[in-house]
Amino acid sequence: MAYFLDLFTPETWNAFRSIGATVTGFRERHRRIAKERVDAGDIFLCYLTRLSRWCGVLEAESEAYIDDSPIHDELAPFTVRFKVDPIVLLDAEMAIPIYDDRVWNTLSITKQHEKGTSTWTGFFRGSLNRIPEDDGRFLVEMLEKQKSNPKSFPFTERDRSRLAPPRRVRTIDREVEVEVPDLFDEESTPESEVTESKLMSDGRESIQYQAKVARIGVEMGFRIWVPKNDKLRVLEHIPDHMHDKFLDVLPLNYDDTTLRTVEHIDVLWLKGRSMARAFEIEHTTAIYSGLLRMADLLALQPNMDIRLHIVAPMHKRDRVLREIRRPVFSLLDKGPLYDQCSFLAYDSIDSLAETRYLSHMSDSIIGEYEDSAEV
(Lines give C-alpha, C1' and ligand atoms only; values in the text may rest on other atoms or scores of the structure.)
Protein backbone atom coordinates (compact mmCIF):
# COMPACT_ATOMS: atom_id res chain seq x y z
CA MET A 1 0.00 0.00 0.00
CA ALA A 2 1.26 3.46 -0.93
CA TYR A 3 0.03 6.92 0.06
CA PHE A 4 -0.45 9.84 -2.34
CA LEU A 5 -1.34 13.51 -2.06
CA ASP A 6 -4.72 14.52 -3.50
CA LEU A 7 -5.14 18.31 -3.62
CA PHE A 8 -8.54 19.99 -3.51
CA THR A 9 -9.65 23.59 -3.40
CA PRO A 10 -12.60 24.30 -1.08
CA GLU A 11 -14.77 24.48 -4.22
CA THR A 12 -13.62 21.18 -5.73
CA TRP A 13 -13.87 19.45 -2.33
CA ASN A 14 -17.51 20.49 -2.02
CA ALA A 15 -18.18 19.41 -5.61
CA PHE A 16 -16.45 16.05 -5.09
CA ARG A 17 -18.58 15.32 -2.04
CA SER A 18 -21.78 16.50 -3.72
CA ILE A 19 -21.48 13.84 -6.44
CA GLY A 20 -20.95 11.02 -3.96
CA ALA A 21 -17.18 11.10 -3.44
CA THR A 22 -16.69 7.89 -5.41
CA VAL A 23 -14.51 9.27 -8.24
CA THR A 24 -11.42 11.45 -7.76
CA GLY A 25 -9.73 13.07 -10.72
CA PHE A 26 -6.55 14.78 -11.80
CA ARG A 27 -5.48 16.95 -14.71
CA GLU A 28 -4.20 15.52 -17.98
CA ARG A 29 -0.61 16.43 -17.05
CA HIS A 30 -0.82 13.81 -14.27
CA ARG A 31 -1.70 10.97 -16.65
CA ARG A 32 1.74 9.33 -16.73
CA ILE A 33 2.29 9.56 -12.98
CA ALA A 34 -1.20 8.26 -12.24
CA LYS A 35 -0.81 5.24 -14.50
CA GLU A 36 2.73 4.37 -13.42
CA ARG A 37 2.60 5.00 -9.66
CA VAL A 38 -0.89 4.36 -8.30
CA ASP A 39 -2.49 0.93 -7.92
CA ALA A 40 -5.83 -0.25 -6.63
CA GLY A 41 -5.65 -0.40 -2.84
CA ASP A 42 -3.41 2.65 -2.52
CA ILE A 43 -4.52 5.58 -0.38
CA PHE A 44 -5.19 9.18 -1.39
CA LEU A 45 -4.78 11.69 1.44
CA CYS A 46 -6.89 14.75 0.69
CA TYR A 47 -5.53 18.21 1.38
CA LEU A 48 -7.37 21.53 1.13
CA THR A 49 -5.33 24.22 -0.60
CA ARG A 50 -5.73 27.84 0.55
CA LEU A 51 -6.74 26.50 3.99
CA SER A 52 -3.77 24.12 4.42
CA ARG A 53 -5.85 21.37 6.03
CA TRP A 54 -6.07 17.59 5.77
CA CYS A 55 -9.66 16.73 4.94
CA GLY A 56 -10.06 13.12 3.84
CA VAL A 57 -8.91 9.59 3.14
CA LEU A 58 -9.80 7.74 -0.07
CA GLU A 59 -8.89 4.20 -1.09
CA ALA A 60 -8.28 3.61 -4.79
CA GLU A 61 -10.65 0.94 -6.13
CA SER A 62 -9.34 1.05 -9.69
CA GLU A 63 -6.29 1.90 -11.69
CA ALA A 64 -6.19 5.25 -13.49
CA TYR A 65 -8.50 5.68 -16.47
CA ILE A 66 -9.34 8.55 -18.80
CA ASP A 67 -12.88 9.87 -18.80
CA ASP A 68 -13.99 13.34 -19.93
CA SER A 69 -17.71 12.75 -19.39
CA PRO A 70 -19.23 15.59 -17.33
CA ILE A 71 -19.68 14.94 -13.63
CA HIS A 72 -19.66 18.51 -12.21
CA ASP A 73 -18.65 21.91 -13.61
CA GLU A 74 -15.97 22.38 -10.92
CA LEU A 75 -14.48 18.97 -11.75
CA ALA A 76 -14.52 19.22 -15.55
CA PRO A 77 -10.71 19.63 -15.97
CA PHE A 78 -9.98 16.45 -14.02
CA THR A 79 -10.16 13.74 -16.65
CA VAL A 80 -7.56 11.31 -15.25
CA ARG A 81 -9.76 9.46 -12.81
CA PHE A 82 -9.86 6.74 -10.17
CA LYS A 83 -12.82 5.03 -8.60
CA VAL A 84 -12.44 5.39 -4.83
CA ASP A 85 -13.93 4.30 -1.54
CA PRO A 86 -14.38 7.37 0.71
CA ILE A 87 -13.03 6.31 4.10
CA VAL A 88 -12.96 9.78 5.71
CA LEU A 89 -14.64 12.97 4.46
CA LEU A 90 -14.46 16.04 6.70
CA ASP A 91 -16.11 19.43 6.45
CA ALA A 92 -13.59 22.22 5.96
CA GLU A 93 -13.98 23.51 9.53
CA MET A 94 -13.39 19.99 10.88
CA ALA A 95 -10.39 19.35 8.62
CA ILE A 96 -7.08 19.17 10.50
CA PRO A 97 -4.73 22.15 9.94
CA ILE A 98 -1.23 21.21 8.92
CA TYR A 99 0.01 23.76 11.49
CA ASP A 100 -1.58 21.77 14.33
CA ASP A 101 1.34 20.85 16.60
CA ARG A 102 0.56 17.14 16.55
CA VAL A 103 0.69 17.13 12.76
CA TRP A 104 3.50 19.60 12.15
CA ASN A 105 5.89 18.03 14.65
CA THR A 106 5.26 14.46 13.42
CA LEU A 107 5.27 14.64 9.62
CA SER A 108 8.68 14.26 8.04
CA ILE A 109 7.63 16.73 5.32
CA THR A 110 7.11 19.53 7.86
CA LYS A 111 8.86 18.91 11.17
CA GLN A 112 12.29 20.04 9.97
CA HIS A 113 10.87 23.40 8.90
CA GLU A 114 9.98 26.47 10.93
CA LYS A 115 6.33 27.42 11.10
CA GLY A 116 5.52 30.65 9.33
CA THR A 117 8.01 30.02 6.55
CA SER A 118 7.19 28.68 3.10
CA THR A 119 10.11 26.28 2.78
CA TRP A 120 7.86 23.27 3.43
CA THR A 121 5.32 24.03 0.71
CA GLY A 122 7.28 22.51 -2.19
CA PHE A 123 5.85 19.05 -1.45
CA PHE A 124 2.36 20.46 -1.95
CA ARG A 125 3.16 21.75 -5.44
CA GLY A 126 0.91 19.20 -7.11
CA SER A 127 -1.22 16.12 -6.60
CA LEU A 128 0.12 12.56 -6.63
CA ASN A 129 3.32 13.28 -4.76
CA ARG A 130 4.07 10.13 -2.79
CA ILE A 131 3.73 10.55 0.97
CA PRO A 132 6.26 8.66 3.13
CA GLU A 133 4.75 5.51 4.61
CA ASP A 134 5.08 6.57 8.25
CA ASP A 135 3.51 9.95 7.46
CA GLY A 136 0.71 8.24 5.56
CA ARG A 137 -0.16 5.85 8.39
CA PHE A 138 -0.09 8.70 10.90
CA LEU A 139 -2.41 10.89 8.82
CA VAL A 140 -4.88 8.06 8.21
CA GLU A 141 -5.01 7.37 11.96
CA MET A 142 -5.49 11.04 12.82
CA LEU A 143 -8.20 11.56 10.21
CA GLU A 144 -10.07 8.41 11.26
CA LYS A 145 -9.97 9.59 14.88
CA GLN A 146 -11.23 13.01 13.78
CA LYS A 147 -14.11 11.30 11.96
CA SER A 148 -15.16 9.27 15.00
CA ASN A 149 -14.48 11.93 17.62
CA PRO A 150 -14.65 15.26 15.77
CA LYS A 151 -13.02 18.45 16.98
CA SER A 152 -13.68 21.82 15.41
CA PHE A 153 -10.85 23.98 14.11
CA PRO A 154 -12.54 27.41 13.76
CA PHE A 155 -11.60 29.51 10.76
CA THR A 156 -9.26 32.43 11.23
CA GLU A 157 -9.90 35.74 9.50
CA ARG A 158 -7.38 34.70 6.87
CA ASP A 159 -9.20 31.38 6.38
CA ARG A 160 -12.50 33.17 5.87
CA SER A 161 -10.96 35.46 3.28
CA ARG A 162 -9.62 32.41 1.43
CA LEU A 163 -13.06 30.77 1.50
CA ALA A 164 -14.73 33.58 -0.42
CA PRO A 165 -16.22 32.13 -3.61
CA PRO A 166 -14.34 32.92 -6.83
CA ARG A 167 -15.40 36.16 -8.47
CA ARG A 168 -16.63 35.57 -12.00
CA VAL A 169 -16.90 38.09 -14.80
CA ARG A 170 -18.93 37.54 -17.95
CA THR A 171 -17.18 38.51 -21.20
CA ILE A 172 -18.66 38.37 -24.68
CA ASP A 173 -18.02 34.68 -25.17
CA ARG A 174 -17.11 33.23 -21.79
CA GLU A 175 -17.14 33.53 -18.03
CA VAL A 176 -13.76 33.91 -16.32
CA GLU A 177 -12.64 33.91 -12.71
CA VAL A 178 -10.91 36.98 -11.33
CA GLU A 179 -9.36 37.84 -8.00
CA VAL A 180 -8.40 41.03 -6.22
CA PRO A 181 -5.75 40.05 -3.64
CA ASP A 182 -6.39 41.42 -0.18
CA LEU A 183 -4.18 42.59 2.66
CA PHE A 184 -3.27 39.00 3.59
CA ASP A 185 -1.52 38.64 0.26
CA GLU A 186 0.74 41.66 0.55
CA GLU A 187 4.47 41.05 0.51
CA SER A 188 5.89 40.67 4.00
CA THR A 189 9.02 42.78 3.41
CA PRO A 190 8.45 46.50 2.81
CA GLU A 191 10.52 47.99 0.02
CA SER A 192 12.10 50.36 2.56
CA GLU A 193 13.70 47.32 4.23
CA VAL A 194 15.24 45.94 1.04
CA THR A 195 18.97 46.69 1.36
CA GLU A 196 21.44 47.24 -1.44
CA SER A 197 23.30 44.03 -0.53
CA LYS A 198 20.05 42.06 -0.67
CA LEU A 199 19.29 43.47 -4.10
CA MET A 200 22.75 42.44 -5.30
CA SER A 201 22.30 38.94 -3.87
CA ASP A 202 18.85 38.66 -5.42
CA GLY A 203 20.24 39.76 -8.78
CA ARG A 204 22.94 37.10 -8.74
CA GLU A 205 20.48 34.35 -7.86
CA SER A 206 18.06 35.56 -10.53
CA ILE A 207 20.81 35.30 -13.18
CA GLN A 208 21.67 31.80 -11.95
CA TYR A 209 18.10 30.61 -12.44
CA GLN A 210 17.84 32.41 -15.76
CA ALA A 211 20.88 30.37 -16.81
CA LYS A 212 19.43 27.11 -15.45
CA VAL A 213 16.20 27.60 -17.41
CA ALA A 214 18.23 28.37 -20.53
CA ARG A 215 20.47 25.32 -20.11
CA ILE A 216 17.47 23.00 -19.63
CA GLY A 217 16.09 24.35 -22.90
CA VAL A 218 19.38 23.73 -24.72
CA GLU A 219 19.51 20.15 -23.45
CA MET A 220 15.97 19.59 -24.73
CA GLY A 221 16.96 20.77 -28.20
CA PHE A 222 15.73 24.36 -28.19
CA ARG A 223 17.53 27.49 -29.28
CA ILE A 224 17.61 30.16 -26.61
CA TRP A 225 17.00 33.87 -26.40
CA VAL A 226 17.90 35.97 -23.35
CA PRO A 227 17.88 39.78 -23.33
CA LYS A 228 21.06 41.35 -24.67
CA ASN A 229 21.76 43.07 -21.34
CA ASP A 230 21.73 39.70 -19.54
CA LYS A 231 23.46 37.51 -22.10
CA LEU A 232 27.08 37.82 -20.96
CA ARG A 233 26.19 37.21 -17.31
CA VAL A 234 23.99 34.23 -18.21
CA LEU A 235 26.67 32.67 -20.41
CA GLU A 236 29.07 32.70 -17.44
CA HIS A 237 26.91 29.89 -16.00
CA ILE A 238 26.57 27.96 -19.29
CA PRO A 239 29.07 25.33 -20.56
CA ASP A 240 31.05 26.65 -23.54
CA HIS A 241 29.76 23.98 -25.94
CA MET A 242 26.23 25.31 -25.48
CA HIS A 243 26.98 28.95 -26.29
CA ASP A 244 26.19 28.55 -29.99
CA LYS A 245 22.56 27.73 -29.08
CA PHE A 246 22.04 31.30 -27.83
CA LEU A 247 20.62 33.62 -30.48
CA ASP A 248 21.96 37.06 -31.29
CA VAL A 249 18.86 38.00 -33.33
CA LEU A 250 15.30 36.79 -32.91
CA PRO A 251 14.09 34.99 -36.07
CA LEU A 252 10.54 36.27 -35.63
CA ASN A 253 8.31 38.09 -38.07
CA TYR A 254 6.37 40.39 -35.75
CA ASP A 255 5.73 44.11 -35.66
CA ASP A 256 8.22 46.32 -33.83
CA THR A 257 6.04 46.66 -30.71
CA THR A 258 5.73 42.91 -30.30
CA LEU A 259 9.44 42.37 -30.93
CA ARG A 260 10.40 44.94 -28.29
CA THR A 261 8.16 43.11 -25.80
CA VAL A 262 9.55 39.70 -26.72
CA GLU A 263 13.17 40.85 -26.58
CA HIS A 264 12.82 41.71 -22.88
CA ILE A 265 11.45 38.34 -21.77
CA ASP A 266 14.03 36.66 -19.52
CA VAL A 267 14.27 33.34 -21.39
CA LEU A 268 12.68 32.10 -24.62
CA TRP A 269 12.82 28.55 -25.95
CA LEU A 270 12.52 28.47 -29.74
CA LYS A 271 12.04 25.73 -32.35
CA GLY A 272 12.77 26.95 -35.84
CA ARG A 273 11.08 30.34 -36.17
CA SER A 274 8.52 29.70 -33.44
CA MET A 275 8.53 30.41 -29.73
CA ALA A 276 7.62 27.33 -27.68
CA ARG A 277 7.94 28.60 -24.10
CA ALA A 278 8.66 31.90 -22.38
CA PHE A 279 9.98 32.32 -18.83
CA GLU A 280 10.11 35.33 -16.54
CA ILE A 281 12.38 35.07 -13.49
CA GLU A 282 10.83 36.97 -10.55
CA HIS A 283 13.25 36.98 -7.65
CA THR A 284 12.90 40.49 -6.28
CA THR A 285 10.10 41.98 -4.16
CA ALA A 286 7.68 42.91 -6.95
CA ILE A 287 6.17 40.24 -9.19
CA TYR A 288 4.16 42.43 -11.52
CA SER A 289 6.73 43.03 -14.27
CA GLY A 290 6.82 39.44 -15.45
CA LEU A 291 3.04 39.06 -15.43
CA LEU A 292 2.61 42.36 -17.25
CA ARG A 293 5.11 41.35 -19.93
CA MET A 294 3.32 38.03 -20.45
CA ALA A 295 -0.04 39.80 -20.64
CA ASP A 296 1.36 42.36 -23.09
CA LEU A 297 2.58 39.53 -25.31
CA LEU A 298 -0.84 37.86 -25.43
CA ALA A 299 -2.60 41.18 -25.94
CA LEU A 300 -0.34 41.98 -28.90
CA GLN A 301 -0.49 38.47 -30.40
CA PRO A 302 -3.74 36.84 -29.22
CA ASN A 303 -3.35 33.91 -31.63
CA MET A 304 0.11 33.01 -30.41
CA ASP A 305 0.44 29.37 -29.30
CA ILE A 306 3.00 29.51 -26.49
CA ARG A 307 3.32 28.32 -22.91
CA LEU A 308 4.28 30.99 -20.38
CA HIS A 309 5.92 30.53 -16.98
CA ILE A 310 6.75 32.66 -13.95
CA VAL A 311 9.84 31.26 -12.21
CA ALA A 312 10.30 32.36 -8.60
CA PRO A 313 11.15 31.18 -5.08
CA MET A 314 8.53 28.90 -3.53
CA HIS A 315 7.44 31.53 -0.98
CA LYS A 316 6.10 33.62 -3.90
CA ARG A 317 3.89 30.80 -5.22
CA ASP A 318 0.58 31.82 -3.63
CA ARG A 319 1.19 35.46 -4.40
CA VAL A 320 1.84 34.77 -8.10
CA LEU A 321 -1.14 32.44 -8.46
CA ARG A 322 -3.45 35.02 -6.91
CA GLU A 323 -2.04 38.00 -8.80
CA ILE A 324 -2.42 36.18 -12.12
CA ARG A 325 -6.20 36.16 -11.56
CA ARG A 326 -6.51 39.93 -11.29
CA PRO A 327 -9.09 41.34 -13.73
CA VAL A 328 -6.39 43.03 -15.85
CA PHE A 329 -4.88 39.60 -16.55
CA SER A 330 -8.13 37.65 -16.76
CA LEU A 331 -10.00 39.78 -19.29
CA LEU A 332 -7.63 39.47 -22.25
CA ASP A 333 -9.19 38.89 -25.66
CA LYS A 334 -7.45 35.51 -25.94
CA GLY A 335 -8.81 34.45 -22.56
CA PRO A 336 -7.45 34.61 -19.03
CA LEU A 337 -3.69 34.68 -18.63
CA TYR A 338 -3.90 31.80 -16.15
CA ASP A 339 -4.92 29.50 -19.01
CA GLN A 340 -1.46 29.87 -20.56
CA CYS A 341 0.80 30.99 -17.74
CA SER A 342 1.91 28.84 -14.81
CA PHE A 343 4.23 29.06 -11.81
CA LEU A 344 7.52 27.16 -11.60
CA ALA A 345 9.32 27.16 -8.25
CA TYR A 346 13.09 27.39 -8.03
CA ASP A 347 13.21 23.88 -6.55
CA SER A 348 11.34 22.60 -9.63
CA ILE A 349 13.97 24.18 -11.87
CA ASP A 350 16.67 22.58 -9.72
CA SER A 351 15.01 19.17 -10.09
CA LEU A 352 14.65 19.56 -13.85
CA ALA A 353 18.26 20.69 -14.19
CA GLU A 354 19.44 17.54 -12.39
CA THR A 355 17.26 15.17 -14.43
CA ARG A 356 19.21 12.68 -16.51
CA TYR A 357 18.63 12.25 -20.23
CA LEU A 358 16.89 15.61 -20.75
CA SER A 359 17.94 15.42 -24.40
CA HIS A 360 15.59 12.46 -24.82
CA MET A 361 12.62 14.13 -23.13
CA SER A 362 9.79 16.29 -24.40
CA ASP A 363 9.32 19.70 -22.84
CA SER A 364 5.86 18.47 -21.80
CA ILE A 365 7.60 17.12 -18.68
CA ILE A 366 7.33 20.67 -17.34
CA GLY A 367 3.66 19.95 -16.77
CA GLU A 368 4.67 17.65 -13.91
CA TYR A 369 6.43 20.51 -12.12
CA GLU A 370 4.29 23.58 -12.79
CA ASP A 371 1.49 25.05 -10.68
CA SER A 372 -1.50 26.68 -12.32
CA ALA A 373 -3.94 29.17 -10.81
CA GLU A 374 -6.46 26.35 -10.67
CA VAL A 375 -5.49 23.19 -8.82
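Residues numbered from 1 in each chain as written. Predicted model: local features only at pLDDT ≥ 70, side-chain atom pairs only at ≥ 80, totals over all residues. Heavy atoms only, no water.

Peer 1: Help me understand the overall build of the protein in this model?
Peer 2: Across its full length, the protein holds twelve helices and 15 strands. Across the 375 residues in the protein, those meeting the buried criterion constitute 51%. A sequence separation of at least 24 residues applies to 71% of the contacts in the protein between residues at least 6 apart. For the protein, the computed accessible surface area is about 18100 Å², with 48% contributed by carbon and sulfur atoms. (Helix = DSSP H or I, 4+ residues; strand = E, 2+ residues; numbered from the N terminus. Buried < 20%, exposed > 50% of the residue type's maximum accessible area, 1.4 Å probe, protein only. Contact = heavy atoms within 4.5 Å. Areas by Shrake-Rupley, 256 points an atom, 1.4 Å probe, with all protein chains shown as cover.)

Peer 1: Just to check I follow, could you spell out the packing of aromatic side chains for this structure?
Peer 2: Aromatic rings in a pair are described by how distant their centres are and how their planes are angled relative to each other. Summed over the entire model, instances satisfying the criterion amount to 17 aromatic pairs. Ring geometry for Tyr99 versus Trp120: centroids 5.7 Å apart, planes at 80°, classification edge-to-face. A residue pair is termed long-range when its members are at least 10 positions apart, and Tyr99 in the loop between strand 7 (96-97) and helix 3 (101-104) and Trp120 in the loop between helix 3 and strand 8 (130-131) qualify at 21 residues. Residue Trp120 is classed as buried on the basis of its relative accessible area, which comes to 5%. Plain terms: the ring middles of Phe123 and Phe124 are 5.4 Å apart, the flat faces sit at 80° to each other, and that makes the pair edge-to-face. Each member of the pair, Phe123 together with Phe124, is buried. Among the aromatic residues, those joined into a cluster by ring pairs are Tyr47, Trp54, Tyr99, Trp104, Trp120, Phe123 and Phe124. The ring of Phe222 carries the charged tip of Lys271 above its face, separated from the ring centre by 5.0 Å. The ring of Tyr338 carries the charged tip of Arg325 above its face, separated from the ring centre by 5.6 Å. (Phe/Tyr/Trp six-rings, centres within 6.5 Å; stacked < 30°, edge-to-face > 60°. Lys NZ or Arg CZ within 6 Å of the ring centre and 35° of its normal.)

Peer 1: Sorry, what's going on with the nonpolar core here?
Peer 2: One broad rule of soluble globular proteins: the nonpolar side chains tend to lie buried together. Ranked by internal contacts, the top residues of the largest apolar core, which has 32 residues, are Leu268, Leu270, Met275, Leu308 and Leu337. Counting only elements with at least two residues in this core, the list comes to helix 8 (256-263), strand 12 (267-271), strand 13 (274-281), helix 9 (288-300), strand 14 (307-312), helix 10 (317-323) and strand 15 (341-345). Broken down by element, this core gets its largest block of residues, five residues, from helix 9. Not counting residues up to four positions away in its chain, the partners in contact with Leu337 are Leu291, Met294, Ala295, Leu298, Leu308, Ile324, Phe329, Ser330 and Leu332. Grouped together as the second largest cluster of nonpolar side chains are 30 residues, Met220, Met242, Tyr346 and Ala353 included. (Core = buried A, V, L, I, M, F, W, Y, C linked by side-chain atoms within 4.5 Å.)

Peer 1: How should I be thinking about the pairing of strand 6 (residues 80-89) in this particular structure?
Peer 2: Here four bridges tie strand 2 (residues 23-26) to strand 6, and the two strands are oriented antiparallel to one another. Of the residues in strand 6, the one forming a bridge with Val23 is Lys83. Strand direction decides the pairing type here: strand 4 (residues 53-60) and strand 6, joined by five bridges, are antiparallel. Paired with Leu58 across the two strands is Pro86, which belongs to strand 6. (Pairing = 2+ DSSP bridges.)

Peer 1: I keep staring at a positive patch on the surface and nothing clicks. Help me out?
Peer 2: The grouping of Arg223, Lys245, Lys271 and Arg273 at the surface amounts to a positive patch. Note that Arg273 resides in the loop between strand 12 and strand 13. Looking at Arg273, the relative accessible area reads 58%, which means it is exposed. (Patch = residues over 30% accessible without salt bridge, like charges linked within 9 Å, V, L, I, M, F, W, Y side chains within 5 Å. Salt bridge = Lys/Arg side-chain N within 4 Å of Asp/Glu carboxyl O. Lys, Arg positive; Asp, Glu negative; His and termini not counted. Charge placed at Lys NZ, Arg CZ, Asp CG, Glu CD.)

Peer 1: Before we go on, may I ask you to explain empty space enclosed by the protein in this structure?
Peer 2: It is the rolling of a water-molecule-sized probe over the atoms that shows where space remains empty. Applying the stated criterion to the full structure yields two cavities of 30 Å³ or more. Looking at the second largest cavity, its volume works out to about 30 Å³. Taken together, Val213, Ile216, Trp269, Phe279, Leu344, Ile349, Leu352 and Ile366 make up the lining of the second largest cavity. Among the elements of the structure, helix 6 (196-219) and helix 12 (346-353) are those that each provide at least two residues to the lining of the second largest cavity. Across the lining of the second largest cavity, the residue classes tally to eight nonpolar, no polar and no charged. (1 Å grid on protein atoms, 1.4 Å probe; cavity = no way out; pocket = protein on both sides within 12 Å on 5 of 7 lines; lining within 4 Å. Points joined across faces, edges and corners; volume = space filled by probe spheres on them. Nonpolar A, V, L, I, M, F, W, Y, C, P; charged D, E, K, R; others polar.)

Peer 1: Would you mind going over the state of the cysteines with me for this structure?
Peer 2: One way to say it: the disulfide is the covalent bond shared by the sulfur atoms of two cysteines. Within the structure shown, the criterion is met by zero disulfides. Unpaired in terms of disulfides, Cys46 finds its nearest cysteine sulfur in Cys55, a separation of 5.1 Å. (Disulfide = S-S within 2.5 Å.)

Peer 1: What am I meant to see in the environment of Thr9 here?
Peer 2: Assignment of secondary structure puts Thr9 in the loop between strand 1 (3-8) and helix 1 (10-18). Expressed as a C-alpha distance, the spacing of Thr9 and Arg50, which sit 41 residues apart in the sequence, is 7.0 Å.

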